Amino acid sequence: MNHLRKAAALAAAGALCLFAACGRLSLTPAAPTASPQPDTDAAAQARGGTLRLWLDEELEGARTAFDAYGQARGVTIEPADTADKADLALLAAPPKDGQGWQEPENLTLLPDLLAAQKLTAQNDAVPLGGAAWGYWAEKSTLTALLGSEFDPEDLRQASWKEWTAFAAAVEDWLAQPSAHRVTLNGKVVTLPESRPAQLEGLSGVFAPAGEEGDIALYSPAAAAGGSLSQAAGAVYDLLELEAAHTAPGQGVGAVAGGTALFARAGSVQAAQLADPVLLPCKMPLTAANGTPTTQQLLAWPTAGTGAWAAIPTNGDAAQGEAALLWLYTSAAGRSALSAAGLAPITGAGTGAGGLAAERITSGECLAAAAVPEAAREALRTRPEPKAAFSAAFAG
């Protein structure tokens with residue numbers, strides 16, 4: 001897996017701000033920061049043995065980072081049946097309270113580690129990696145469809161009208177290829193006159209999304225300000241567009257397999273792509289104030305803390321801490337996180353709300369917002385008509 005092509009956008013722990021410089025995901029592992037680091041001798045002493053690991057379902061793809069740790073340190077990585085039986089748990093969000101977890105300040109390595117990285121625990125969980133959410137595409141597929149000179153930024157900046165017309169045009173092209181002209185960001189692009197071999201299996205525009213894609217819908221709606229039920233109407237319109245142009249398969253796997261053009265998901269899922277391109281989840285939102293603007297709501301993907309690590313009360317803290325130390329501070333550990341779609345987080349000397357020093361070029365992002373259960377349920381059940389969906393989504 002190419003470590004330089006993995007998608008991740010970065011955020012400090014719990015930051016609910018707008019992030020600059022986190023759009024196109026060409027990620028280069030950062031050089032070590034100049035901040036002090038905790039003594040690594042303890043990590044070396046913890047080599048060998050077994051690390052019982054729990055990962056939330058949407059973070060299953062991050063297992064590769066812990067496999068790399070096991071190989072580097074001679075540690076056997078054993079899946080835990082439940083989070084409370086693990087030595088280390090990787091969570092998609094901090095626990096609702098601190099019960100059932102060891103307090104980081106009472107452990108051996110984590111206090112110095114968090115101080116060195118300028119990070120703060122939340123309900124006994126520590127931020128491990130930044131992530132990005134939106135529509136993911138394979139660059140080679142976009143190139144085959146839109147030409148070698150096409151700039152993905154034109155997809156990002158396209159209007160809602162252009163976006164919906166593009167989805168319909170691709171659907172028509174799939175049924176009968178022709179040199180159809182589409183407009184994106186005011187620029188005319190011509191689809192290929194015949195189907196290239198690269199697109200032989202392409203069967204639809206949007207792959208059906210799982211819960212890992214919910215945050216890409218909820219965050220822009222929450223960022224719009226004003227009435228959430230009004231913003232939910234725009235979410236409904238996007239879901240209608242997806243349903244009208246659905247591809248076979250499921251999630252990013254359908255994009256990787258070449259049957260879908262886009263999948264709504266996070267960077268952990270997108271790590272399986274060879275050359276991932278991140279686009280926003282476009283919907284006809286209207287900003288209630290100037291930050292973000294209506295165009296930014298349309299053109300920006302979502303970024304935030306994508307993984308939190310916690311050590312259960314009955315877990316082997318030495319094994320859990322040793323794994324975290326390796327992932328946070330070693331070049332190999334940071335590279336392993338990046339390859340898994342999680343950008344290593346550090347608050348040390350990086351500014352911009354604690355963004356790490358990975359090189360992420362062009363674009364900006366909306367802050368990730370936790371998705372309430374009411375909104376998740378509405379996305380799963382899709383009440384009709386639109387007014388019923390909007391009320392359910394807003395809770």
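Residues numbered from 1 in each chain as written. Predicted model: local features only at pLDDT ≥ 70, side-chain atom pairs only at ≥ 80, totals over all residues. Heavy atoms only, no water.

Take the confidence of the model for the protein next. Here the protein averages 84 in pLDDT, while 84% of its residues score no lower than 70. Averaged over each element, pLDDT in the protein is lowest for strand β1 (residues 19–20) (32) and highest for strand β8 (residues 204–207) (98). Predicted confidence is poor over residues 1–46, with pLDDT under 50, and the contacts of this stretch with residues over four places away or in other chains come to 151 contacts. In the predicted structure, residues 348–363 sits below a pLDDT of 50 and forms 53 contacts with residues beyond four places in sequence or in another chain. (pLDDT = per-residue confidence, 0-100. Helix = DSSP H or I, 4+ residues; strand = E, 2+ residues; numbered from the N terminus. Contact = heavy atoms within 4.5 Å.)

In this section: the pairing of strand β11 (residues 302–310). When you tally the buried positions in β11, you get 9 out of 9 residues, the bulk of the element. Two strands pair when backbone bridges link them, and strand β4 (residues 88–91) and β11 are joined in this way by 3 bridges, in the antiparallel orientation. Directly across from L91, in β11, lies its bridge partner W308. Of the strand pairs in this sheet, strand β5 (residues 126–138) and β11 are connected by 7 bridges, and their pairing is antiparallel. Within β11, the residue paired with A132 across the bridge is A303. Looking at chain direction, β11 and strand β13 (residues 364–367) are connected through 2 bridges and run parallel. Residue T302 lies in a different strand from β13, and its bridge partner there is L366. (Buried < 20%, exposed > 50% of the residue type's maximum accessible area, 1.4 Å probe, protein only. Pairing = 2+ DSSP bridges.)

Right, let's get into the environment of P383. On the secondary structure map, P383 appears in the loop between α14 (373–381) and α15 (386–394). Classification of P383 by relative accessible area gives partly exposed; the value is 23%. Spatially, the C-alpha atoms of P383 and Y236 are 9.8 Å apart, while their sequence positions differ by 147 residues. If sequence neighbours within four positions are ignored, P383 has contacts with Y236, A378, A388, F389 and A392.

Here we take up α15. Considered for burial, the residues of α15 that qualify are F389, S390 and F393. Along the long axis of α15, the arc covered by the buried residues comes to 100 degrees, so they all point the same way. Contacts made by the buried residues of α15 are with α7 (214–223), α8 (228–244) and α14. G395, located one to two residues past α15, shows a positive phi value of around 75 degrees. (Arc of directions from axis to C-beta.)

The next thing to look at is empty space enclosed by the protein. Any empty space left between atoms is shown by rolling a water-sized probe over those atoms. Considering all chains together, one arrives at 1 cavity of 30 Å³ or more under this definition. Looking at the largest cavity, its volume works out to about 40 Å³. Lining the largest cavity are Q102, P104, L107, L110, D124, V126, A309, A310, I311 and L324. A class-by-class count of the residues in the lining of the largest cavity yields 8 nonpolar, 1 polar and 1 charged. (1 Å grid on protein atoms, 1.4 Å probe; cavity = no way out; pocket = protein on both sides within 12 Å on 5 of 7 lines; lining within 4 Å. Points joined across faces, edges and corners; volume = space filled by probe spheres on them. Nonpolar A, V, L, I, M, F, W, Y, C, P; charged D, E, K, R; others polar.)

Attention now goes to the layout of surface pockets. The calculated volume of the second largest pocket comes to roughly 200 Å³. As for the second largest pocket, its lining consists of 14 residues, of which A209, L239, E242, R264 and R382 are closest to the centre. For the lining of the second largest pocket, the secondary structure elements donating two or more residues are β8, α7, α8 and α14. With 3 residues, the single largest contributor to the lining of the second largest pocket is α8. In terms of residue class, the lining of the second largest pocket is made up of 8 nonpolar, 1 polar and 5 charged.

Under the defined criterion, the tally for this structure stands at 12 aromatic pairs. For the pair W163 and F166, a centre-to-centre distance of 6.2 Å together with 35 degrees between the ring planes defines the contact as tilted. In this pair, W163 and F166 are both assigned in helix α6 (residues 160–175), 3 residues apart and thus about one turn of the helix distant. Classification of W163 as buried rests on a relative accessible area of 1%. On the accessibility criterion, F166 (1% relative accessible area) is buried. (Phe/Tyr/Trp six-rings, centres within 6.5 Å; stacked < 30°, edge-to-face > 60°.)

Below, the discussion takes up the environment of N289. Tracing the sequence through the fold places N289 in the loop between β10 (276–279) and α11 (294–299). Side-chain polar atoms of N289 contact the backbone nitrogen of T291, separated by 3.2 Å. (Polar contact = N/O pair within 3.5 Å; in protein donor to acceptor, adjacent residues only side chain to side chain.)

Here α14 crosses α15 at 150 degrees, and the two axes come no closer than 6 Å. With respect to α15, the axis of α14 lies roughly antiparallel. Within the contact between the two elements, α14 uses A374, A375, A378 and L379 and α15 uses F389, A392 and F393. (Axes fitted to C-alpha atoms, helices over the stretch in contact; angles between N-to-C directions. Parallel < 35°, antiparallel > 145°, perpendicular 65-115°, else oblique.)

The final tally for this structure, using the stated rule, is 9 salt bridges. We note a salt bridge from D154 to K187, for which the minimum N-O separation is 3.3 Å. On the criterion of sequence distance, the pair formed by D154 in helix α5 (residues 152–157) and K187 in strand β7 (residues 187–190) is long-range, its members being 33 residues apart. Among the salt bridges present, the one from E240 reaches R382, with a minimum N-O distance of 2.7 Å. With a gap of 142 residues between them, E240 in helix α8 and R382 in the loop between α14 and α15 connect regions that are remote in the sequence. For E240, a relative accessible area of 36% gives the class partly exposed. Beyond isolated ion pairs, a larger network of salt bridges with shared partners links D214, R376 and R380. (Salt bridge = Lys/Arg side-chain N within 4 Å of Asp/Glu carboxyl O.)

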